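Observations on the three-dimensional arrangement
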Amino acid sequence: MQTVSVIGLGYIGLPTAAVLAQAGKTVIGVDVKQANVDAINAGRVPFVEEGLETVVAGTVAQGKLSAQTETPEADAYIVSVPTPFKGDHEADLSYIEAAARGIAPKLKGGELVVLESTSPPGATEHMAAVILKERTDLTDEPGRANSLYFSHAPERVLPGRIMIEMVENDRIIGGTTAEASEMTRELYASFCNGELLVTDAKTAEMAKLTENAFRDVNIAFANELSIIAERQGIDVWELIELANHHPRVNILQPGPGVGGHCIAVDPWFIVSADREFSKLIATARNVNDSKPEIVIEKVLERAARFKAPTVAALGIAFKPNIDDLRESPSRNIAGALAERLEGGTVLVVEPNVDELPKELAERDNVELVSLEDGIERADIVLLLVDHDPFKLIDRDLLHEKIVVDTKGLWR
Ligand code: SAJ
C-alpha cells in the first residue's frame, strides 16, 4: 500500500493525508472544493490547526502530498467526508455514498477502502455495498485476485491537538473481514504510535459514538447541576470542585451548551439506531441543547433595566482557543441576543477570527470588537468561551458591569 488516496480534505482528512505523506506514502488527496485543492497544492492549509501547515508545506514540496478534485487510482482509500443530519437527527450517508461511487470505477481488485467518517452502525457495510453494486466483477470475499477490503477506523483526535493525537492516540480498527482489519492495521501502523485495537466494523462504529456519547452525558450532568445549583443559590464551580475530591468522582465542566460537530452530533446516531432504548443518551442531548436558551433568558432579564442595552459577548467559537465556529452554542446565543434585545447592541469579542460569520455580520446591531473596547462599552459582559486572553483581563474593568460568566472563569 504505497499510494493512498484520502477522500475529503477537511479538519480530519487533511491532517490524515499529511501524516501519511510524512510517513513516506504517496498521498493523493481529493476534495470537491477547487479552492481547497489549490491552497493545499500551494502548501497552504485552509483552516487553523496547530502544526499542520508545516507538515503540509513540507510534504507538498517533497512531492509526497498532492490534491485534486478527481478520485485517482490508489492501493488504499481513506474516506473522510461529513456525515451530517437529515430528518429527525438521522445520519445522512450521501457524502459517503458519493465518495464510494467516485472510488468504484478506479478499483482493480486488492484495494483497501477505509471509512473514517463518524458513522452509525452498519455504515461501513453500506459503503461496501454501494461499491460492489457498481462493480459486480469484484467481491468482498478475501483472498482472490478480485477481492476488495473494507474497514472502519474512526478518528478520535481533539481539534487544536490534532497533529499530536493523530500520531499518539490508540486507534480502533474494524474490518468487515479479518483480512481487511489486518491490512488497515498495517496501513495505520505506518504513522500511528498508539495501540491499534482490532475489532469488527460495527463495533468500531459504535465505539466511536460511545466515546462521544459518554462525554456528552457527563457534560449534561454538569450542565444540569449548574441549573439546579443556580436555583439553590450555590456556586456550581465550587460544588463540582469539592465533589471531584472524591477518588471516584470526576464531573466535567458546565457551560453555555455543547458545540462542535462531534459531541453534539454523534450521540444522535446511537439514538436513531435504537430510539426505544436510548433514553439516557437522548435526555443528555436535550439537557445540553437547553443550556443556550437558559443563558439567553438570564441576559434578557438583566438587560431589562436598560433602554438600549449593550452586551459584550466574549467568545463565539465552539470551545476555547480555536477559530472553529461550527455548531457553536455561543455563536447562536450572540445571534439570538442581537435579535431579542430590544434596542440593544451585541459587541462580539472573538480574538481567533477576523470577521463575523454571515448571519451576525449582516445585522446592524452586531459588531466585532477588541476585548478592551467590548468591555469598556458594555453594560453586560457575557463570558461564553474560556479563551486564554479572557482569563488574564484586569478584573477592575468589570467593577461597574453586570457580569454573566457561563464558564466560571472569573470566580
Ligand atoms: N464542553 C463542556 N464542558 C466540558 C468539556 C467540553 O461544556 O467539560 C463543551 C465544549 O465547550 C464544546 C463541546 O463540549 O462546546 C465539545 O468539546 P470537546 O472538547 O469535549 O470535544 P470536541 O468536539 O472538540 O472533540 C471530541 C473528542 N471526543 C472526546 O473527547 C470523547 C475528540 O476526541 C473526538 O475526536 C472528537 O470529538 C470527534 O471528532 O469525534
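The structure displayed is predicted, hence computed values, not measured ones. (Residues numbered from 1 in each chain as written. Predicted model: local features only at pLDDT ≥ 70, side-chain atom pairs only at ≥ 80, totals over all residues. Heavy atoms only, no water.)

With the rule as written, the count across this model stands at 24 salt bridges. Arg 326 is the salt-bridge partner of Asp 324, the closest N and O atoms lying 3.2 Å from each other. Its relative accessible area of 3% is what places Asp 324 among the buried residues. For Arg 326, a relative accessible area of 36% gives the class partly exposed. Close ionic contact of Arg 363 with Glu 339 constitutes a salt bridge, the shortest N to O distance being 3.8 Å. Here Glu 339 lies in helix 12 (residues 329-340) and Arg 363 lies in the loop between helix 13 (358-361) and strand 13 (366-368), a separation of 24 residues in the sequence. In the salt-bridge network here, residues are joined through shared partners; they are Asp 88, Glu 90 and Arg 275. (Salt bridge = Lys/Arg side-chain N within 4 Å of Asp/Glu carboxyl O. Buried < 20%, exposed > 50% of the residue type's maximum accessible area, 1.4 Å probe, protein only. Helix = DSSP H or I, 4+ residues; strand = E, 2+ residues; numbered from the N terminus.)

Okay, the environment of Val 249 next. By secondary structure assignment, the location of Val 249 is in the loop between helix 9 (236-243) and helix 10 (266-273). C-alpha of Val 249 to C-alpha of Lys 25: the two residues are 224 residues apart in sequence and 44 Å apart in space. The contact partners of Val 249, leaving out residues within four places of it in the chain, are Ala 243 and Asn 244. (Contact = heavy atoms within 4.5 Å.)

Taken domain by domain, the protein consists of domain 1 (3-194) and domain 2 (212-405). Here the C-alpha centroids of domain 1 and domain 2 sit 34 Å apart. The partner domain 2 presents 14 residues to the 16 residues of domain 1 that form the contact. When the shortest N-O distance is used, the salt bridge between Arg 275 and Glu 90 registers 3.6 Å. For the pair domain 1 and domain 2, the interface holds one residue pair in polar contact (both at pLDDT 80 or more). Of the residues belonging to the side of domain 1 that touches domain 2, the class tally is nine nonpolar, five polar and two charged. (Domains from an automatic or database assignment. Polar contact = N/O pair within 3.5 Å; in protein donor to acceptor, adjacent residues only side chain to side chain. Nonpolar A, V, L, I, M, F, W, Y, C, P; charged D, E, K, R; others polar.)

With that settled, consider the environment of Phe 318. For Phe 318, the position within the fold is in the loop between strand 11 (310-314) and helix 12. Considering only alpha carbons, one finds Phe 318 and Asn 250, 68 residues apart in sequence, at a separation of 22 Å. Residues within four places of Phe 318 in sequence aside, it is in contact with Pro 159, Gly 259, Gly 260, His 261, Asp 324, Arg 326, Glu 327 and Ser 328.

This part takes up the site of the ligand. The environment of the ligand is formed by 20 residues, the closest being Arg 156, Val 157, Lys 208, Asn 212 and Arg 215. With respect to the ligand, the side chain of Glu 155 contributes an N or O atom lying 2.8 Å from an oxygen atom. In this structure, Gly 259 approaches the ligand through a main-chain N or O atom, which is 2.9 Å from an oxygen atom. If the ligand stood free it would expose 770 Å²; the protein chains cover 87% of that surface. Judged by the proximity of its atoms to the pocket grid, the ligand belongs to the second largest pocket. Here the element with the most residues in the shell around the ligand is helix 8 (residues 201-232); it accounts for five residues. Taken together, the residues of the shell around the ligand sort by class into nine nonpolar, three polar and eight charged. Looking at which domains feed residues into the shell around the ligand, each of domain 1 (3-194) and domain 2 (212-405) supplies at least three. (Near = heavy atom within 4 Å. Areas by Shrake-Rupley, 256 points an atom, 1.4 Å probe, with all protein chains shown as cover. 1 Å grid on protein atoms, 1.4 Å probe; cavity = no way out; pocket = protein on both sides within 12 Å on 5 of 7 lines; lining within 4 Å. Sits in = over half its atoms within 2 Å of the grid points.)

So, on to the packing of aromatic side chains. Counting across every chain of the model gives three aromatic pairs. Ring centres of Tyr 11 and Phe 47 lie 4.4 Å apart, and the angle between their planes is 25°; this geometry places the pair in the stacked category. A residue pair is termed long-range when its members are at least 10 positions apart, and Tyr 11 in the loop between strand 1 (3-7) and helix 1 (13-22) and Phe 47 in the loop between helix 2 (34-41) and helix 3 (52-61) qualify at 36 residues. Aromatic pair Tyr 188 and Phe 191: ring centres 5.4 Å apart, planes at 50°, arrangement tilted. Classification of Phe 191 as buried rests on a relative accessible area of 6%. Above the plane of the ring of Phe 277 lies Lys 279, whose end atom (NZ or CZ) is 5.9 Å from the centre. (Phe/Tyr/Trp six-rings, centres within 6.5 Å; stacked < 30°, edge-to-face > 60°. Lys NZ or Arg CZ within 6 Å of the ring centre and 35° of its normal.)

With that out of the way, let us pick up the sheet that holds strand 2 (residues 26-30). Pairing in this open sheet of eight strands is mixed, and the strands run 3-2-1-4-7-8-9-10 from one edge to the other. Of all the strands in the sheet, the pair left with one neighbour each is strand 3 (65-68) and strand 10 (196-200). Within this sheet the neighbouring strands show an average axis-to-axis angle of 25°, counted without direction. Both strand 9 (residues 171-175) and strand 10 contribute to a ladder of five bridges, which runs parallel. What sits directly across from Gly 175, in strand 10, is Asp 200. Its contacts with the sheet put helix 7 (residues 178-189) on strand 1, strand 4 (76-79), strand 7 (112-115), strand 8 (149-152), strand 9 and strand 10, and the angle it makes with strand 9 is roughly 150°. (Pairing = 2+ DSSP bridges. Axes fitted to C-alpha atoms, helices over the stretch in contact; angles between N-to-C directions.)

A few words on the sheet that holds strand 13. In space, the five strands of this open sheet follow the order 13-12-11-14-15, with parallel pairing throughout. With one partner strand each, in any of the chains shown, strand 13 and strand 15 (402-405) form the two edges of the open sheet. Across the sheet, the mean angle from the axis of one strand to that of its neighbour is 20°, orientation sign disregarded. Taken together, the five bridges between strand 11 and strand 12 (residues 345-349) define a ladder with parallel strand orientation. Among the inter-strand pairings, Ala 313 is bridged to a residue of strand 12, identified as Val 348. Packed on one face of the sheet, helix 11 (residues 279-303) meets strand 11, strand 14 (380-383) and strand 15 and runs near 170° to strand 14. Helix 12 contacts strand 11, strand 12, strand 13 and strand 14 of the sheet and is inclined by roughly 160° relative to strand 12.

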